[in-house]
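What follows is the residue order along each chain.
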Amino acid sequence: MLVLLPPSETKSNGGTGAPLRLDSLSFGELNPTRLRLTEALTELAGDPDASLRALGLSERMSGEVERNAALWSSPTAPALERYTGVLYDALEADSMSAVERSRADSRLVVASALFGLVRGGDPIPAYRLSANSALPGLGGLRSVWRPALEPVLAAAAEPVVDLRSGAYAALARTRGAVEVSVVTELPDGSRKTVSHHNKAHKGRLARALASTPEEPDDLDDMVVVAEKAGIRVERAGERTLRVIAG
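Worth saying up front: this structure is predicted, and the values here are computed from it rather than measured. (Residues numbered from 1 in each chain as written. Predicted model: local features only at pLDDT ≥ 70, side-chain atom pairs only at ≥ 80, totals over all residues. Heavy atoms only, no water.)

Peer 1: Sorry, what's going on with the overall build of the chain here?
Peer 2: Counting secondary structure elements, the chain contains ten helices and twelve strands. Its C-alpha atoms give the chain a radius of gyration of 18 Å, within 12% of the compact-globule value 18 Å for 246 residues. Over its C-alpha atoms, taken along the principal directions, the chain stretches across nearly 55 × 40 × 35 Å. If you take every contact in the chain between residues at least 6 apart in sequence, the share linking residues at least 24 apart comes to 68%. Of the roughly 11,400 Å² that the chain leaves accessible, carbon and sulfur atoms contribute 49%. Computed over 29 positive and 32 negative side-chain charges, the inter-centroid distance for the chain is 3 Å. (Helix = DSSP H or I, 4+ residues; strand = E, 2+ residues; numbered from the N terminus. Rg over C-alpha atoms; globule rule 2.2 N^0.38 Å. Contact = heavy atoms within 4.5 Å. Areas by Shrake-Rupley, 256 points an atom, 1.4 Å probe, with all protein chains shown as cover. Lys, Arg positive; Asp, Glu negative; His and termini not counted. Charge placed at Lys NZ, Arg CZ, Asp CG, Glu CD.)

Peer 1: What am I meant to see in helix H6 (residues 98-107) here?
Peer 2: All of the buried residues along H6 are Arg101, Ala104 and Arg107. The buried residues of H6 occupy an angular sector of 135° when projected down its axis, which confines them to one face. Every exposed residue of H6 that faces more than 90 degrees away from the buried side is listed here: Ala98 and Val99. On its buried face, H6 sits against strand S1 (2-5), strand S2 (77-78), helix H4 (79-82), strand S3 (108-112) and helix H9 (198-211). (Buried < 20%, exposed > 50% of the residue type's maximum accessible area, 1.4 Å probe, protein only. Arc of directions from axis to C-beta.)

Peer 1: Would you explain helix H7 (residues 141-154) in this entry?
Peer 2: Residues three or four positions apart in an α-helix share a direction because the helix packs 3.6 residues into each turn. The terminal C-alpha atoms of H7 lie 19 Å apart, and with 14 residues this matches the ideal 20 Å at 1.5 Å per residue to within 8%. Approximately 35° is the largest bend angle found in H7, and it occurs at proline 147. The complete set of buried residues in H7 reads Leu141, Val144, Trp145, Ala148, Leu149, Glu150, Val152 and Leu153. Tucked inside the fold, the buried residues of H7 contact S1, helix H1 (31-44), S3, strand S4 (116-119) and strand S7 (139-140). (Expected span 1.5 Å × (residues − 1). Bend = angle between axes of the 7 residues up to and from the residue.)

Peer 1: Got a minute to help me understand the nonpolar core in this structure?
Peer 2: What tends to happen in soluble globular proteins is that the nonpolar side chains get buried as a cluster. With 78 residues, the main nonpolar core has Val3, Leu5, Leu108, Phe115, Leu117, Leu129 and Val161 as its most contacted residues. A per-element tally of this core places H7 first, with seven residues. If sequence neighbours within four positions are ignored, leucine 108 has contacts with Val3, Leu5, Leu80, Leu91, Val118, Arg119, Gly120, Ala206 and Ala210. (Core = buried A, V, L, I, M, F, W, Y, C linked by side-chain atoms within 4.5 Å.)

Peer 1: Please clarify how the side chain of asparagine 68 should be interpreted in this entry.
Peer 2: Looking at the secondary structure, you find asparagine 68 in helix H3 (residues 62-69). Discounting residues that sit within four places of it in the chain, asparagine 68 has contacts with Leu41, Thr42, Ala45, Leu55, Tyr127 and Arg128.

Peer 1: How should unusual backbone geometry be read in this particular structure?
Peer 2: Glycine aside, the phi torsion of most residues is negative, and most peptide linkages are trans. Phi angles above zero are rare outside glycine, and phenylalanine 27 is one such case at about 60°. The residue phenylalanine 27 is located in the loop between S1 and H1 in this model. The backbone of glutamate 92 shows a phi angle near 50°, a positive value even though the residue is not glycine. In this fold, glutamate 92 is placed in the loop between helix H5 (86-91) and H6.

Peer 1: I tried to follow the environment of valine 243 on my own but got confused; where do I start?
Peer 2: Inspection of the secondary structure puts valine 243 in strand S12 (residues 240-245). The class for valine 243 is buried, based on a relative accessible area of 2%. When the C-alpha positions of valine 243 and threonine 184 are compared, they lie 8.3 Å apart, and in sequence the two are 59 residues distant. With residues up to four places along the chain from it excluded, the contact list for valine 243 reads Val180, Ser181, Val182, Val183, His201, Leu205, Ile231, Arg232 and Val233.

Here's what the structure looks like:
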C-alpha cells in the first residue's frame, strides 16, 4: 500500500545524514526531474531578492533562501522527521516501534514539490519550494512534474490512498486511488466538511494504515484498520473513505 501525504511548508532544521544524493532516494526514475529542479533552485538562491519573489516569501524569511542555497551540502534527515506541522504531529512517527516505523517508512510517501515522491525513510535536506511556485526557465511545477509523476503512480501495483492537499494533488493525477474526506457530525445529525482539523485526522489515519501488521487490500480492510485505531470511518463511494470527526 502507498499512502500519499502532503508535505509541509515548515521543515525541521539540521539532521545527521550525509548531504543529498539523489540516488539514495526512492523512485529513481524521478531523478532527472529532481536534478533539474534542485539545480534551478540552488542557482536561484544566488539572487536572494529573485528567490523571495519566486517563492512568494517576505524578507524576514530569507533563511529559507539560505536553505535552498545549501541543498547539496546541508545534512539530511528522513522525510518523516524533516516535515513538521499538524499532520506530522498527529502521525507521531517518533513514537512508533522499530517494526512500525519500518512499515511507515515503506508505505508512507510524501508528495514533494522538489523531489516528486519520497518514502518516509528517504534522507532529504531542508528546503523551500511549494506546489504553486514557478521557477525561472522551468515555469509552473505542474507542467514539470505531471509527465514524470503520473506514470510512476499509474504503475503502482499496490492500493494507493491519496491524502494530498489540492495543490499537490494537481502535480499528478492518481486514477483509481482511494480518496479521503473529513466531516464533522453535529448534534442534529447533519454533517459539514472539516477544514481546520482536516490534517490532524488524516495524520491519525495515515498512522493507522502505515503501522498495521497486515496491509489492507481494499476499502473494507481500511475501514477495519481505522476503526481498530479508534477512527470512525465509512465508505462513501467505490473509492472514497469518509472520516467522521466527533
